[in-house]
Amino acid sequence: MSLLSALAKQKIDRELTKYPADQKQSACMSALAIAQDEHGWLSNELMDEVAQYLGMAPVAVYEVATFYNMYNLKPTGKHKVTVCTNLPCALSGGVDAAEYLKHKLGIDFRETTADGQFTLMEGECMGACGDAPVLLVNNKRMCSFMSKEKLDQLVEELKK
Amino acid sequence: MIKLEIDGKAVEVENGSTVMEAANKVGSFIPHFCYHKKLSIAANCRMCLVQVEKAPKPLPACATPATEGMKVQTASQYAKTAQQGVMEFLLINHPLDCPICDQGGECQLQDLAVGYGGSASRYQEEKRVVVNKNLGPLISTDMTRCIHCTRCVRFGQEIAGVMELGMAGRGEHSEILSFVGRTVDSELSGNVIDLCPVGALTSKPFRYSARTWELSRRKSVSPHDGLGSNLVVQVKVDKVMRVLPRENEAINECWLSDKDRFAYEGLNSAERLTKPMLKQDGKWTEVEWNVALDYVAHALANIRNEHGADAIGALASPHQTLEELHLLNKLVRGMGSNNIDTRLRQLDTRADGQVKGVRWLGMKVADLAALQSVLVVGSTLRKDHPLLANRFRQAAKRGQQVNVLHVADDDLLMNVANRLIVKPSQMADALAQVAKALAALKSQPLSKSVADATANIRVSDAAQAIAKSLADKEKVGIFVGNFAEHHPEFSTLYALAQEVARLAGGTLGFLGEAANSVGAAAVGAVPGSKGLCAQGMKSQPRKAYIVFGAEPDLDAADGEATLAALYTAETVIAFSAFKHAASRYADVLLPIAPFTETAGTFVNTEGTVQSFNGVVKPLGDARPGWKVLRVLGNLMKLDGFEFNSIEDVRADIAADLQGFVAGKLNNAIGEVTMNLAPATAGVERIAEVPLYAADPLVRRAPSLQKTADAKRAATAGLAPDVYDNLKLVDGQSVRIKAGAAEVNLPARRDPTLPAGTARVALALPETLALGAATTLTLEMLPVAVTIGHAAE
Ligand code: SF4
Ligand code: FES
Ligand code: FES
């Protein structure tokens, strides 16, 4: 029984072409991202399957998946909002933005709203310190200069 | 070569050496945790920081290449400050509770903290706590103590060949774990206990049973596989508490297999025999040694007088010492019998007359690495020879082509160049294919008998590929494993392996079954031309048997039939360290000392003679086997049993033991009739000896018996076609029949097996009834259905 769809495998195969044939583990990060895009999060079974697909030890895949914040090891809400709270952001309102969201959504970091819409996460530097406060929606969409108004707008938009 | 200066001392090192290696050379100690000479460089603990002239900051000695003219200070104030700083960081999260830690007293962190740590901690905040993991029956964890050196992880990746432990998380959240609660099942896993510099990974069987300073360390040699790993046996008040490796680069390097490391538990088994016992009127009574030995001397004399000496046979374990086997051999031959054998699992001895000497590895273990292409024939390599497998694994990384001819496609955790996996009955055929292909590639004629036998066989692609690998390379080795030695057509396989080695211009070797297989053959504890082999003594039952160290029901190829022969004998004298099935068929049980309680010698598979002393006093009234045999020889008035010491016995074998053994080693074999059998109908049995069932000691080691390997041994692995035909579900039992015998075992689908085969192990009580059967009939067991009370 395969958890990865044929399409996902196709995408992983494409990633694999970027590396030498005996270095399949180089595609581990992209394979995990592809798997996560398909399933929303990385279950143990899914990681096991990625390991098998790439000929890696399962624990080596687990090492990668636990190292990076953007891999979800638990199911998340429909929208995962990750706010940067590292020092440069914190000095420019990052923490405040996070606090505002916590209050607005009624959840703490690493929690999901009761309606399953939002999960709030604390993120590490996103390389956009000058745009603080910054946040990421579902790992893919970067939002900069997140004032309270813009946060309200974002939440409204995502709710729809 | 590079010239540099360490602590003012000039030193020259090879190109590519590190500062750490250079410092070791001049004897400057640099504190370290993650550095280990057998593992790759991780440079993650930073404990080895040193001062290097002109470098703007302290550099890690383990990862800094030595360069020409470098000037290094390992203990300057500058270096020390750096080292002390690192130590302070390491201790931030490490518990400071050495008195309750099992590693206390043998902990590198504790030792180095004495030299580099502060007297009090400046850290006031909360420490981090990491939950413990269950890694199986051998390794105990205290993960809060981990300092993330990743030695255990690198060991799995680089030495054991399988990454079972990893470091998950990042930064402060890093922790060592196995993938979602899996256990660590490698047959080399125990080495991570030695590697872990702190008390994070410790020995589960030894846990909290003694402190290192209470233990005396005594040298010994492992009595299990043919490698003869060197041991340090740790002893507290005449009890063996633990076994550790003794470094010997030529043999076991710094490693031990789990069998070598944990089998000591069997020494303290409740089944130990501690008093001589006599069966009188069907009841066992404990007696004094003189009574027991008088009885034995009379019983043997009676049999000899009534039935002739040939009515006496001896079955001895190849795990017994050289001295014991020499005296046993002398005793048996002195009485006039030639029936003595130590190759209890060898079914096929028809080529004995053609054998030119004692079979052995054919080279030194350390020289395996230099081979460019090898063919391993019939070996459950990883399980039977964990550390030889590691030699091949390391060599394979450096380009050695490892070719495999076997009955199961076991994952050897190394790069295997070519594999030829066939049913057991087809092994000879497969090897003949390799010979035929090789002859063609080398344009050399096959020897007459091989040419005749192979005239009609077709060379498969895999055989062709193996032949090519052997033909292309200069330094070639052909190694015959235990499975091939136990094969019903061993003689054919032997002769074919010799032919392949000849054609390839390579060396023929035997991986070696037991600790003293080579020694046993060297002192003549094999029947020779006039006596009966173990199989002969089974099929032509003797009136009297001497069973020495072996448990024939489990140690002989056909345990069931051997038992039957023992039951019909008038007298059976069992020398054993343990109470075992002999209490049913023997009339005397003589407690002899296991390897830790007697001086002795093992000759390993490379022909190295390794003598050792007893490390503890014999338990109860047990006595060293050589002393018992000496007294028995005297009682029976046989010549040449006047010895005062073990040295006398050794001198009786030869003045120069090593030279004596070396003179006997020879793998050549003469003409043998080739039997290339057609495949048999029905399911063929793959009858292996499970690694933790191979000798009486390991069978009684409880922790090893809880391992995944031991559990798997007691199941039937079925080839996918066999499994699917029976429509089984995993874990369901099958009934396995061979002739009138039948046993039930849980079934398991085993995709590594060739079609039409089933892995049903030898040497287990569960499969005893099947004897040495080679073909099996399998039936699904009716599934038990429970009706009613479903709601409860
Ligand atoms: S468990 Fe031991 S060997 Fe493994 S990383 Fe931690 S300290 Fe090192
Ligand atoms: S610190 Fe937030 S983006 Fe760099
Ligand atoms: S020993 Fe050099 S960094 Fe660990």
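Quick caveat, the model's predicted, so the values are computed rather than measured.

Student: Explain the overall build of chain A here, please?
Tutor: Broken down by element type, chain A carries 7 helices and 5 strands. Counting from the amino terminus, helix and strand elements in chain A follow one another as α-α-α-α-β-α-α-β-β-β-β-α. Its C-alpha atoms put chain A at 50 × 35 × 25 Å along the principal axes. Relative to all contacts within chain A whose residues are 6 or more apart in sequence, the contacts with residues 24 or more apart total 56%.

Student: Would you mind showing me how to read the site of ligand 1 here?
Tutor: In the region of ligand 1, 13 residues are neighbours, and B:Cys146, B:Cys149, B:Thr150, B:Cys152 and B:Cys196 sit closest. Residue composition of the shell around ligand 1, by class: 11 nonpolar, 2 polar and no charged.

Student: Explain the packing of helix α4 (residues 151-160) of chain B against helix α10 (residues 386-397) of chain B here, please?
Tutor: Helix-helix packing is characterised by the crossing angle of the two axes and by the distance between the axes. All names here are of chain B. At a minimum axis distance of 9 Å, the contact between α4 and α10 shows a crossing angle of 85°. Viewed along their axes, α4 and α10 adopt a mutual orientation that is roughly perpendicular. Across from Glu158, Ile159 and Ala160 in α4, the residues of α10 making contact are Asn390, Arg393, Gln394 and Lys397. Residue composition of the contact of α4 with α10, by class: 2 nonpolar, 2 polar and 3 charged.

Student: In this structure, what is going on with the packing of aromatic side chains? I would like to understand it.
Tutor: Given two aromatic rings, their pairing is described by the distance between the two centres and the angle made by the two planes. Applying the stated criterion to the full structure yields 11 aromatic pairs over all chains. Aromatic side chains B:Phe490 and B:Phe510 sit 6.2 Å apart centroid to centroid with 75° between the ring planes, which places their arrangement in the edge-to-face category. A residue pair is termed long-range when its members are at least 10 positions apart, and B:Phe490 in helix α15 (residues 490-504) and B:Phe510 in strand β21 (residues 507-510) qualify at 20 residues. Of the two residues examined, B:Phe490 and B:Phe510, each falls in the buried class. Seen in terms of ring centroids, B:Tyr494 and B:Phe510 are 4.8 Å apart; in terms of plane orientation they differ by 75°. Their pairing is edge-to-face. One end of the pair, B:Tyr494, is in helix α15; the other, B:Phe510, is in strand β21, with 16 residues separating them in the sequence. The exposure class assigned to B:Tyr494 is buried, which follows from its relative accessible area of 1%. Note on B:Phe510: relative accessible area 1%, which makes it buried. Counting every residue linked through ring pairs, the aromatic cluster contains A:Phe67, A:Tyr68 and A:Tyr71. A cation over a ring is seen here: B:Arg170 above A:Phe67, with NZ or CZ 5.8 Å from the ring centre.

Student: How should I be thinking about unusual backbone geometry in this particular structure?
Tutor: Phi is mostly negative for residues that are not glycine, and the peptide bonds are mostly trans. Residue A:Pro133 follows A:Ala132 across a cis peptide bond; omega there is -10°. Of note, A:Pro133 is situated in the loop between β3 (118-123) and β4 (135-137). Look at B:His148: it is not a glycine, yet its phi comes out positive at around 60°. Position of B:His148 among the secondary structure elements: in the loop between β6 (139-141) and α4. Positive phi is not limited to glycine here, since B:Asp238 has a value of about 60°. Considering the arrangement of structural elements, one finds B:Asp238 in the loop between β11 (230-236) and β12 (239-245).

Student: Looking at this model, I keep getting lost on the pattern of salt bridges. Mind explaining?
Tutor: Two side chains of opposite charge can pair, provided their charged atoms sit close to one another. Residue and element names in this part refer to chain B. In the structure shown here, the tally under the stated rule is 56 salt bridges over all chains. Across the salt bridge formed by Arg350 and Glu489, the nearest N and O atoms sit 2.9 Å from each other. One end of the pair, Arg350, is in the loop between β16 (340-341) and β17 (373-377); the other, Glu489, is in the loop between α14 (482-485) and α15, with 139 residues separating them in the sequence. Given the relative accessible area of 39%, Arg350 is considered partly exposed. The class of Glu489 is buried, set by a relative accessible area of 17%.

Student: Any chance you could explain the interface of chain B and chain A here in plain terms?
Tutor: Note on interface size: it is often stated as the accessible area lost on association of the parts. With 14 residues of chain B at the interface, the matching set in chain A holds 14 residues. It is B:Met163, B:Arg170 and B:Phe179 in chain B that bury the most area against chain A; as a group they hold 56% of the surface buried on that side. Where chain B meets chain A, there are 2 salt bridges. Residue A:Glu124 pairs with B:Arg170 through a salt bridge whose shortest N-O separation is 3.5 Å. On the surface where chain B and chain A come into contact, there are 5 residue pairs in polar contact (both at pLDDT 80 or more). Taken together, the elements giving at least two residues each to the side of chain B that touches chain A come down to β7 (165-168) and β8 (175-178) of chain B. Examining the composition of the side of chain B that touches chain A, we find that 4 residues originate from one element, β7(B), more than from any other. For the side of chain B that touches chain A, the residue count by class is 8 nonpolar, 3 polar and 3 charged.

Student: What exactly am I supposed to notice about a nonpolar patch on the surface here?
Tutor: On the surface, A:Met29, A:Phe67 and A:Tyr68 cluster together into a nonpolar patch covering about 270 Å² of accessible area. One can find A:Met29 in helix α2 (residues 28-39).

Student: Before we go on, may I ask you to explain the sheet that holds strand β27 (residues 683-686) of chain B in this structure?
Tutor: Residues and elements named next belong to chain B. Taking strand neighbours around the barrel as the criterion, the 6 strands line up as β27-β31-β28-β30-β29-β32 in a closed arrangement whose pairing is mixed. Each strand axis lies, on average, 45° off the axis of its neighbour in the sheet, ignoring direction. Strand direction decides the pairing type here: strand β29 (residues 733-738) and strand β32 (residues 775-780), joined by 4 bridges, are antiparallel. Within β32, the residue paired with Ile736 across the bridge is Leu778.

Student: Looking at this model, I keep getting lost on the confidence of the model for chain B. Mind explaining?
Tutor: For any part of a model where pLDDT is low, the fine detail of the predicted coordinates should not be relied upon. The predicted model of chain B averages 95 in pLDDT, with 99% of residues at 70 or higher. Scored below 50 in pLDDT, residues 785-792 of chain B shows 0 contacts in the model against residues more than four places distant or in partner chains.

Student: What is the right way to look at helix α3 (residues 108-116) of chain B in this model?
Tutor: Counting along an α-helix, one turn takes 3.6 residues, and residues three or four places apart therefore face a common direction. Residue and element names in this part refer to chain B. Leu109, Leu112, Ala113 and Tyr116 are the residues of α3 that are buried. For α3, the angular spread of buried residues about the axis comes to 110°, placing them on one side. Buried residues along α3 sit in contact with α2 (77-93).

Student: So what exactly am I meant to see when it comes to the sheet that holds β12(B) here?
Tutor: Strand-to-strand pairing in sheets goes through backbone hydrogen bonds, with the strands running parallel or antiparallel. Residue and element names in this part refer to chain B. Taken together, 3 strands build an open sheet; the order of strands is β10-β11-β12 and the sheet is antiparallel. Where the open sheet ends on each side, the last strands, each with one partner, are β10 (216-221) and β12. In this sheet, neighbouring strand axes are inclined to one another by 35° on average, regardless of whether the strands run parallel or antiparallel. Inspection of the sheet shows β11 paired to β12 by 6 bridges, in the antiparallel sense. Within β12, the residue paired with Val232 across the bridge is Leu244.

Student: Would you mind showing me how to read the domain arrangement of chain A here?
Tutor: According to the domain assignment, chain A consists of domain 1 (6-67) and domain 2 (79-159). A separation of 28 Å is found between the C-alpha centroids of domain 1 of chain A and domain 2 of chain A.

Student: For this particular structure, what's the right way to read the environment of B:Val232?
Tutor: All names here are of chain B. For Val232, the position within the fold is in strand β11. Assessed through its relative accessible area of 7%, Val232 is described here as buried. If sequence neighbours within four positions are ignored, Val232 has contacts with Arg217, Arg218, Arg242, Val243, Leu244, Pro245 and Arg246.

About the cut-offs
In this convention, every chain numbers its residues from 1, walking through the sequence in written order. Going through the entries in the order they are written, you letter the chains from A and number the ligands from 1. Two thresholds apply to this predicted model, a pLDDT of at least 70 for residue-level local features and 80 or more for giving and counting side-chain atom pairs, whereas whole-chain, interface and lining totals are computed over all residues. Processing note: side-chain calculations cover all non-hydrogen atoms of the structure and skip hydrogens and water entirely. A helix here means a DSSP run of H or I that spans at least four residues, while a strand means a run of E at least two residues long, and both kinds are numbered starting from the N terminus. The contact rule is simple, with two residues in contact once any of their heavy atoms fall within 4.5 Å. For this description, a residue counts as near a given molecule or strand if any of its non-hydrogen atoms is within 4 Å of it. Note on residue categories: nonpolar means Ala, Val, Leu, Ile, Met, Phe, Trp, Tyr, Cys or Pro, charged means Asp, Glu, Lys or Arg, and polar means any other residue, Gly included. Helix axes use the C-alpha atoms of the stretch in contact, all axes being lines fitted to C-alpha atoms, and the angles between their N-to-C directions lie in the range 0 to 180 degrees. Comment on the angle field: the value is read as roughly parallel under 35 degrees, roughly antiparallel over 145, roughly perpendicular from 65 to 115, and oblique elsewhere. Two rings from Phe, Tyr or Trp (for Trp, the six-membered ring) form a pair when their centres sit within 6.5 Å of each other. Planes less than 30 degrees apart are called stacked, planes more than 60 degrees apart edge-to-face, and all others tilted. Each residue gets one of three labels from its accessible area relative to the maximum for its type: buried under 20%, exposed over 50%, partly exposed in between, using a 1.4 Å probe on protein chains only. Each ring is checked for a lysine NZ or an arginine CZ that lies within 6 Å of its centre and within 35 degrees of its normal; such an atom marks a charge sitting over the ring. Within this document, salt bridges are pairs made up of a side-chain nitrogen of Lys or Arg and a carboxyl oxygen of Asp or Glu, the two lying within 4 Å of each other. Two parts placed together each lose some accessible area; with a 1.4 Å probe, that loss summed over both constitutes the buried area. N or O atoms closer than or at 3.5 Å make up a polar contact, with two conditions inside protein: a donor-capable atom paired with an acceptor-capable one, and, for residues adjacent in sequence, both atoms drawn from side chains. What goes into a patch is any residue over 30% in relative accessible area without a salt bridge, connected to like charges within 9 Å or, for nonpolar side chains (Val, Leu, Ile, Met, Phe, Trp, Tyr), within 5 Å. All accessibility values rest on the Shrake-Rupley procedure with a 1.4 Å probe; residue burial counts only the protein chains present in the view. We treat two strands as partners when DSSP finds at least two bridges between them. The quantity known as pLDDT measures the predictor's confidence residue by residue, on a range of 0 to 100. By arc we mean the arc of the directions from the helix axis to the C-beta atoms, nothing more. Just so you know, the domain bounds were taken from an automatic or database domain assignment.

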